[in-house]
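Descriptive structure summary
Chain by chain, the residues:
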Amino acid sequence: MNASMIGVLVCLAFSAMFSAVETAFTSLTMFQIESLKKRKRGGRLVERLAKKPDELISTILIGNNVVNILASVLTTEWAMERWGDAALSAVTGGLTFVILIFGEVTPKRLAIAHNEFIASFLAPLILVCTVLFKPFVVVVNALSSLVTRLFGKPQKNELSIETMTQMLSIAEHESANLATLSNE
């Protein structure tokens, strides 16, 4: 296996990691974060990252885009060396499919099922990425904020019926989980 293909595999692994951690963090409830703080090492780090969702999501998306683009560049280089322009579209389509399955959908499905473990396990790596990507995150968030203000509608400060219903549903779900845990 040549260096380009090893690079693609490394990029796919990082793509899967970024996708999984994105879903893990965005699916955590405040109750899960509190529970992680009490029972697991790394819970405080999860809470620290979750307190800045804009920074967290921008860091993850920057990382995921970088590795996916790098995988595309490496695959293109590899295909061009072997077959020239003729196979480029087929290789691009194949890579898109591989990234979709192994770098996006499957990791996200696993993260939904194991969000607490994935968030706490990968939190240290994401913290390193937030430091490394900080200049890019600042620019991305500033531009995103500008576009949001230009095209977004103002938010209401009051609680909507949907929000209250969701909060009650989460509380009911967590109460059922606690009851199940106490019976075990």
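Here's what I pulled together on the structure shown here. (Residues numbered from 1 in each chain as written. Predicted model: local features only at pLDDT ≥ 70, side-chain atom pairs only at ≥ 80, totals over all residues. Heavy atoms only, no water.)

**Remarks on the overall build of the protein chain**
Helices and strands together make up the secondary structure of the protein chain, namely eight helices and zero strands. Along the protein chain, from the amino end to the carboxyl end, the secondary structure elements read α-α-α-α-α-α-α-α. Looking at the 184 residues of the protein chain, the share that counts as buried comes to 34%. Surface summary for the protein chain: the accessible area is close to 12200 Å², and the carbon and sulfur share equals 66%. (Helix = DSSP H or I, 4+ residues; strand = E, 2+ residues; numbered from the N terminus. Buried < 20%, exposed > 50% of the residue type's maximum accessible area, 1.4 Å probe, protein only. Areas by Shrake-Rupley, 256 points an atom, 1.4 Å probe, with all protein chains shown as cover.)

**Structural notes on the side chain of T23**
The topology assignment puts T23 in helix α1 (residues 3-27). Here T23 falls in the buried class, since its relative accessible area comes to 11%. When near neighbours in sequence (up to four residues on either side) are disregarded, T23 contacts K108, A111 and I112. (Contact = heavy atoms within 4.5 Å.)

**Description of the packing of aromatic side chains**
Applying the stated rule across the entire model yields three aromatic pairs. Both rings, one in F14 and one in F18, keep their centres 6.5 Å apart while their planes meet at 35°; by these two values the pair is tilted. With F14 and F18 both in helix α1 and four residues apart, this pair spans about one turn of that helix. Looking at F18, the relative accessible area reads 3%, which means it is buried. (Phe/Tyr/Trp six-rings, centres within 6.5 Å; stacked < 30°, edge-to-face > 60°.)

**A few points about the packing of α1 against helix α6 (residues 115-132)**
One can describe the packing of α1 onto α6 by two numbers: an axis separation of 9 Å at closest approach and a directional angle of 115°. Crossing handedness for the pair α1 and α6: left-handed. Across from F14, M17, F18, A20, V21, A24, F25 and S27 in α1, the residues of α6 making contact are N115, I118, A119, L122, A123, L125, I126 and C129. For the contact of α1 with α6, the per-class residue count stands at 14 nonpolar, two polar and no charged. (Axes fitted to C-alpha atoms, helices over the stretch in contact; angles between N-to-C directions. Left-handed = near helix turned anticlockwise from the far one by under 90°. Nonpolar A, V, L, I, M, F, W, Y, C, P; charged D, E, K, R; others polar.)

**As for the nonpolar core**
Ranked by internal contacts, the top residues of the largest apolar core, which has 37 residues, are F18, F25, L28, V46, L49 and I126. Among the secondary structure elements, those contributing two or more residues to this core are α1, α2 (30-39), α3 (43-50), α4 (53-83), α5 (88-113) and α6. With 10 residues, the single largest contributor to this core is α1. Excluding residues that lie within four positions of it along the chain, L28 makes contacts with I33, L36, V46, N115, E116 and A119. (Core = buried A, V, L, I, M, F, W, Y, C linked by side-chain atoms within 4.5 Å.)

**Thoughts on the side chain of Q32**
Among the structural elements, Q32 can be located in helix α2. In contact with Q32, not counting residues within four places along its chain, are S27, N115, E116 and E174.

**With respect to a nonpolar patch on the surface**
On the surface, M1, I6, L9, V10, F14, L125, V128 and L132 cluster together into a nonpolar patch covering about 770 Å² of accessible area. Counting residues per element, the ones that place at least two in the nonpolar patch are α1 and α6. With respect to the helices, strands and loops of the structure, L9 is situated in helix α1. (Patch = residues over 30% accessible without salt bridge, like charges linked within 9 Å, V, L, I, M, F, W, Y side chains within 5 Å. Salt bridge = Lys/Arg side-chain N within 4 Å of Asp/Glu carboxyl O.)

**Overview of the environment of S145**
You can see S145 is positioned in helix α7 (residues 134-151). On the accessibility criterion, S145 (33% relative accessible area) is partly exposed. Separated by 91 residues in sequence, S145 and D54 have C-alpha atoms that sit 9.9 Å apart.

**Describing α6**
With 18 residues, α6 should cover 26 Å at 1.5 Å per step; its first-to-last C-alpha distance of 24 Å lies within 8% of that length. Its maximal kink placed at A123, α6 deviates by approximately 50°, while the proline P124 follows within four residues. Among all positions of α6, only N115, E116, I118, A119, S120, L122, A123, I126, C129 and T130 are buried. In this fold, the buried residues of α6 make contact with α1, α2, α3, α4, α5 and α7. (Expected span 1.5 Å × (residues − 1). Bend = angle between axes of the 7 residues up to and from the residue.)

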